[in-house]
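Close look at the chain arrangement
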Amino acid sequence: MNRALPAPRRPGSPAARRRRHTGTLLGLTAWLCGIGFFLPVAWMVLTSFHSETDAATNPPSVGAGLSLHGYREFFGAGSGVSPWPPLVNSLTASVVATVLVLLLAVPAAYALAIKPVRKWSDVLFFFLSTKMLPLVAGLLPVYLVAQNAGMLDSIWLLVLLYTSMNLPIAVWMMRSFLAEVPVEMLEAASIDGAGLTCTLTRIVAPVAMPGIAATALISFIFSWNELLFARVLTGIVAGTAPVFLTGLVTSQGLFLAKVCAAATVISLPVIVAGFAAQDKLVQGLSLGAVK
């Protein structure tokens, strides 16, 4: 028995108007939320271009004259303390840890998604369970182990810690991305005689590149912003940019223009990386969302 198809809704119908109003309201809400998150960042950047006198006024002066005094102070014009060693330390630890995370997470996710091991769900839960312990709870054991191993104030200790901290979430992300790789492509590669290394580099990696980029970006951000372990386990040699930023709070007071300039410069690598990989990030984060 043939069923009559429902009549299409006219553009001017009440249902269409409700959908249009709902879409407008959701779009306006999204814009308001975005502006609310962006305003503190914009205020920080604006304050960084003010003099210390204008930055310390209460209420703050929006129309005050612009100055590069805060940036000159941050780069050591007055104190002679250079921020470049902490910035290089953060970049080294973040990049090396991100590369190690990808080298370990991609084969592990491949084994869990495409060549599933027995009780793979238990393996994923084990990876996730390592993130359930608060970082501060493991601070003392890590400090004692690093002290006995002679690795305090070492950049390679931070690389090891950042790799271990970001590896569980990277495996979870990469597993969902690699699950979207067509099995037919892998079967065709296997028939053609491709080995595991060839399959990972020539078949899996190009298809899952958005997911790899998203995982790399998140791992880089987490490593760059980490403060607790870097603050406790490093000193003069291996101090990172967030540790240097906390050192700007001195007994003489808080110089807002200098602190805002430092926060702006330290935030730039993450912002630049996010803008450079934003298309890959969006594709990667939505790759495993729809089955």
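Everything below is about the structure printed above this text.
Summarised in this report is the structure supplied together with it. None of these values were measured; they are calculated from a predicted model. Within each chain, residue numbers correspond to sequence positions counted from 1 in written order. It should be noted that, the model being predicted, local features are given only for residues of pLDDT at least 70 and side-chain atom pairs only at 80 or more, the latter also being counted only at that level, while totals for whole chains, interfaces and linings use all residues. Processing note: side-chain calculations cover all non-hydrogen atoms of the structure and skip hydrogens and water entirely.

**What to know about the overall build of the protein chain**
- In this text, helices come from DSSP runs of H or I with a minimum length of four residues, and strands from runs of E with a minimum of two, each type numbered from the N-terminal end. Looking only at helices and strands, one finds 14 helices and zero strands in the protein chain.
- Taken from N to C terminus, the helices and strands of the protein chain fall in the order α-α-α-α-α-α-α-α-α-α-α-α-α-α.
- Scaling as 2.2 N^0.38, a compact globule of 291 residues should have a C-alpha radius of gyration of about 19 Å, whereas the protein chain reaches 25 Å, well beyond that.
- Taken over the C-alpha atoms alone, the protein chain extends approximately 85 × 65 × 35 Å along its principal axes.
- For every residue, the accessible area (1.4 Å probe, protein chains only) is compared with the maximum for its type, and the residue is labelled buried under 20%, exposed over 50%, or partly exposed between those bounds. When burial is assessed residue by residue, the protein chain has 36% of its 291 residues classed as buried.
- Surface accessibility of the protein chain: about 17600 Å² in total, with carbon and sulfur atoms responsible for 70%.
- A residue counts as positive if it is Lys or Arg and as negative if it is Asp or Glu; His and the chain ends are not included. To locate a charge, take NZ of a lysine, CZ of an arginine, CG of an aspartate or CD of a glutamate. The positive charge centre, built from 18 side chains, and the negative charge centre, built from 11, are 17 Å apart in the protein chain. The globule rule is 2.2 Å times the number of residues to the power 0.38, and the radius of gyration it is compared with is taken over C-alpha atoms. Computed with a 1.4 Å probe, the accessible areas rest on the Shrake-Rupley method; for each residue, only the protein chains presented here act as cover.

**Things to note about the packing of aromatic side chains**
- A pair of aromatic rings is counted whenever rings of Phe, Tyr or Trp (Trp by its six-membered ring) have centres within 6.5 Å, and the orientation is called stacked for planes under 30 degrees apart, edge-to-face for over 60 and tilted otherwise. All told, the structure shown has five aromatic pairs when counted by the stated rule.
- Here the aromatic rings of Phe49 and Tyr71 are separated by 5.1 Å at their centres, their planes lie at 45°, and the arrangement is tilted. A residue pair is termed long-range when its members are at least 10 positions apart, and Phe49 in the loop between helix H1 (14-48) and helix H2 (52-55) and Tyr71 in helix H3 (residues 69-74) qualify at 22 residues.
- Its relative accessible area of 28% is what places Phe49 among the partly exposed residues.

**Description of the side chain of Ser48**
- Within the secondary structure, Ser48 sits in helix H1.
- Residue classification places Ser48 among the buried residues on the basis of a relative accessible area of 0%.
- Throughout, a residue-residue contact means that at least one pair of heavy atoms, one from each residue, lies within 4.5 Å. Leaving out residues up to four positions away in the same chain, Ser48 has contacts with Ser67, Gly70, Tyr71, Ala257, Cys260, Ala261 and Thr264.

**Overview of H1**
- The span one expects for a helix is its residue count, reduced by one, times 1.5 Å. Along its 35 residues, H1 runs 51 Å from first to last C-alpha, staying within 8% of the 51 Å computed at 1.5 Å per residue.
- To get the bend at a given residue, fit one axis to the seven residues ending there, fit another to the seven starting there, and take the angle between those axes. The largest bend in H1 is about 30°, located at Phe38, with the proline Pro40 one to four residues further on.
- Within the sequence span of H1, burial applies to Ala15, Ala16, Thr47 and Ser48.
- The inward-facing, buried residues of H1 contact H2, H3 and helix H13 (256-276).

**Some words on the nonpolar core**
- Residues belong to one nonpolar core when they are buried, are Ala, Val, Leu, Ile, Met, Phe, Trp, Tyr or Cys, and are joined through side-chain atoms within 4.5 Å. In terms of nonpolar packing, the biggest core is built from 28 residues, with Ala105, Tyr110, Ile114, Val171, Met174, Leu178 and Val204 touching the most fellow members.
- When residues of this core are assigned to their parent elements, the largest contribution, eight residues, is made by helix H4 (residues 84-113).
- Apart from residues no more than four positions distant in its own chain, Ile114 is found in contact with Ala109, Leu178, Val181, Leu186 and Val204.
- The next biggest cluster of nonpolar side chains, apart from the first, holds 16 residues, and it includes Ala97, Ala146, Tyr162 and Val243.

**Description of the packing of helix H7 (residues 155-178) against helix H10 (residues 209-225)**
- Note on definitions: angles span 0 to 180 degrees between N-to-C directions of axes, and those axes are lines fitted to C-alpha atoms, for helices only across the stretch in contact. Contact geometry for H7 and H10: axes closest at 10 Å, N-to-C directions at 155°. When the axis of H7 is compared with that of H10, the two are roughly antiparallel. As H7 packs across H10, the resulting crossing turns out to be right-handed. Side by side, H7 and H10 meet where Tyr162, Asn166, Ala170, Met173, Met174 and Phe177 of the first sit next to Gly211, Ile212, Ala214, Thr215, Ile218, Ser219, Phe222 and Ser223 of the second. The scheme is simple: roughly parallel for angles under 35 degrees, roughly antiparallel for over 145, roughly perpendicular for 65 to 115, oblique for anything else. Should the near helix be turned anticlockwise from the far one by less than a right angle, the crossing is left-handed, and should it be turned clockwise, the crossing is right-handed.

**Brief notes about H10**
- Spanning 17 residues, H10 covers 24 Å between terminal C-alpha atoms, matching the ideal 24 Å at 1.5 Å per step.
- Burial within H10 is extensive, with 13 of its 17 residues counted as buried.

**Focus on a positive patch on the surface**
- Taken together, the side chains of Arg17, Arg18, Arg19 and Arg20 make up a positively charged region of the molecular surface.
- As for its placement among the helices and strands, Arg17 is situated in helix H1.
- Look at Arg17 and you get partly exposed, because its relative accessible area is 35%. Residues enter patches when they are more than 30% accessible in relative terms and free of salt bridges; like-charged ones are connected within 9 Å and nonpolar ones (Val, Leu, Ile, Met, Phe, Trp, Tyr) within 5 Å. The salt bridge definition used is simple: a Lys or Arg side-chain nitrogen within 4 Å of an Asp or Glu carboxyl oxygen.

**Looking at the packing of H4 against H10**
- For the pair H4 and H10, the least separation of the axes is 9 Å and the interaxial angle reads 140°. Between H4 and H10 lies a crossing whose hand is right-handed. On H10, the residues touching Leu87, Ser90, Leu91, Ser94, Val95, Ala97, Thr98, Val101 and Leu102 of H4 are Ile212, Thr215, Ala216, Ser219, Phe220, Ser223 and Trp224.

**A word on a nonpolar patch on the surface**
- A cluster of nonpolar residues, Phe125, Leu128, Met132, Ile169, Trp172 and Phe222, forms a patch on the protein surface that exposes about 570 Å² of accessible area.
- Residue assignment for the nonpolar patch shows that the elements contributing at least two residues are helix H5 (120-129) and H7.

**Details of unusual backbone geometry**
- Notably, Asp153 is not glycine yet its phi reads approximately 60°, a positive angle.
- Assignment of secondary structure puts Asp153 in the loop between helix H6 (139-149) and H7.

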